[in-house]
Amino acid sequence: MAFRDGPFENIKVPLVWTAAVTVVIAAIGCVLLLISDARAQNSPYQPVRAGVESVSGPVGGVFAAPVRWFGHMTDYVGGYFFAVSENRRLRTELAELQPWRDQAIALKNVNARYEAMLGIRPEPPVEMRTARSISDTRGPFSNARLLDVGASRGIKVGNPVINEHGLVGRIVGTSPNISRMLLLTDVASRTPVLVDRTDARALLTGDGSGNPRLEFVRGAGSVQAGDRILSSGDGGGFPRGVPIGVAAKGIDGSWRVKLFSDRGAIDYVRIMLFEDFGQLISPDALNAPPLAALGTVAEATPAQAAAISDSAARREAASPPPAPRPATPAPAAARPAAQPPAQPAAPAPGDAE
Amino acid sequence: MRRPVAVRVVGPMQWIVYPALITVAAAIVLQTPVELLGLHLPEPVIPMVLAFAWPLIRPSILAPVVLAVLGLLLDILTYGPLGLWGLTFLVIYSVVLASRSFLAGQDTAVLFVWYAACCLLAFVLAYLVMAAITPTPASLIPLLLQIVPTLLLFPFAHRLIERFEDGDVRFR
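All values reported here derive from a predicted model rather than from experimental measurement.

Visitor: Before we move on, can you summarise the overall build of chain A with the specific residues and values?
Guide: Each helix and strand counted, chain A has 5 helices and 12 strands in total. Going through the 353 residues of chain A one by one, you find that 29% of them count as buried. Excluding contacts between residues fewer than 6 apart, the proportion of contacts in chain A whose partners are at least 24 apart in sequence is 57%.

Okay, structure coming up:
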């Protein structure tokens, strides 16, 4: 029996009402999605995002390719027309940079000597991957890009992304061949930074505009217009010292940063395969419980136990009796110096027998 | 034997599916990373055209579902929180659906004013939702830079309404 031949044959529901019910149901679904989605790598919908991006990414790459070719072509043609002026500019720049090169070599030498004297273990060189931007999302609520390399080339969530001028953003999602980069200007971007001149710490906060805010600046007057802003490396998300931009006062009175990465197109970028400070040491060593080796040490032999007790008895006999406590605390310089032991050092365990 | 009658049937493929696919394609194309003299391609919220035009063309069950799907797709493409634009489009759809009897047959200028009001409502709603989700509210300047190109899409909405409103003789 067909539906229209049954008891519902004469029931007519207004189309507006059915549409309204559909709207309400779909809106409830959207609200639930909004509540459950965190937009971060912990989002339960991250595989869905990765799946859609792995499909839309190559499509965006097809559209981006002619743009890139056109850019190469204009650069090629422009190179002929502006070769003389560019040659003059580069000569001037080279003459200005040569003293800096000498200073850099000298400082590098001094720095290496200091590191050797202090036994400092410097950070290992960070491996990088070059990628192309194939899709660009701008707007008040999101500033992100798709890159044409993914997890198959070692890209992981959290990797910093730089271009030839400075820090651009970080990776927030990966699929085998496509990765999503969140720019520093996105409303969800938070980057720990430092002011190069004063070493003051701050947090770089994106708000959708081209110049992210500088918030939670530590110290009064620690920022001036024109100060260079670098990544601080606090928290281990970024390596320390990556150039980010220059501090400037915004029209709303807040400190903002003019990004170095805006000096050129963000078409080719380099992804730093930097994870966090944990890569400097074995994670197992960090996660080992305190005094974990105590359970593996063998029991002391009778000879060793006798030597230990003999040494303890000699040390106790050599130590002076406790002095009476003064009424007022004595200054640090008046503390009695440690007296040398009256007896020779305890014999080695092998000599006690 | 009944003779066939020439009836012009405008199914959901014509006024829902094809425009939705065109919208997705346009959104992907406008995300191409083009930078010329420091300027980028505009990035309007293209499905706003459909959220405004579809309830005026005809109330439908399929249209809100497709709008929600378009919103989710836009959220993924723009790396926004899932549900943001879907909820916004559905609110605009319901507002226009409620005012359908008022807007039917109105002049183009009235439709544009209503479209502008709907756009404003949509962006205010999206702004408030994002302010509730993220600790830092978005800057207003990029918000304006997205509202203006979205407003400029009104001719497409008007064309869609003119093309399909009253286009199916079965709904006369």
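There is more to say after this.
Visitor: Explain the overall build of chain B to me, using residue names and the numbers behind them.
Guide: Within chain B one finds 8 helices and 2 strands. If one aligns the C-alpha atoms of chain B with their principal axes, the spans along those axes are about 70 × 30 × 30 Å. For chain B, buried positions account for 44% of its 172 residues. Across chain B, every contact between residues at least 6 apart in sequence was considered, and the portion connecting residues at least 24 apart equals 70%.

Visitor: Just give me the short version of the UniProt feature "domain: Rod shape-determining protein MreC beta-barrel core" (unreviewed entry) in chain A, but keep the residues and values in it.
Guide: Taken from the UniProt record, the annotation "domain: Rod shape-determining protein MreC beta-barrel core" (unreviewed entry) applies to residues 134-271 of chain A. Here residues 134-271 of chain A is 0% helix and 42% strand, with 15 Å between the C-alpha atoms at its ends.

Visitor: For the UniProt feature "transmembrane region" (unreviewed entry) in chain A, give the residues involved together with the corresponding values.
Guide: Here the UniProt-annotated "transmembrane region" (unreviewed entry) positions come out as residues 15-35 of chain A. End C-alpha atoms of residues 15-35 of chain A are separated by 30 Å, and the span's content is 100% helix alongside 0% strand.

Visitor: Explain the interface of chain A and chain B to me, and be specific about the residues and the numbers.
Guide: It is common to give the size of an interface as the accessible area lost on bringing the parts into contact. Contacts between the two partners involve 45 residues from chain A and, on the opposite side, 42 residues from chain B. Contributing elements (two or more residues each) for the side of chain A that touches chain B: α1 (15-36), α2 (46-81), β1 (128-137) and β2 (144-147) of chain A. No other element matches the 14 residues that α1(A) contributes to the side of chain A that touches chain B.

About the thresholds
- Residues numbered from 1 in each chain as written.
- Chains lettered and ligands numbered in written order.
- Predicted model: local features only at pLDDT ≥ 70, side-chain atom pairs only at ≥ 80, totals over all residues.
- Helix = DSSP H or I, 4+ residues; strand = E, 2+ residues; numbered from the N terminus.
- Buried ≥ 20, exposed ≤ 12 C-beta atoms within 10 Å, placed from the backbone.
- Contact = placed C-beta atoms within 7 Å.
- UniProt positions renumbered as here; feature names shortened; annotations may be inferred.

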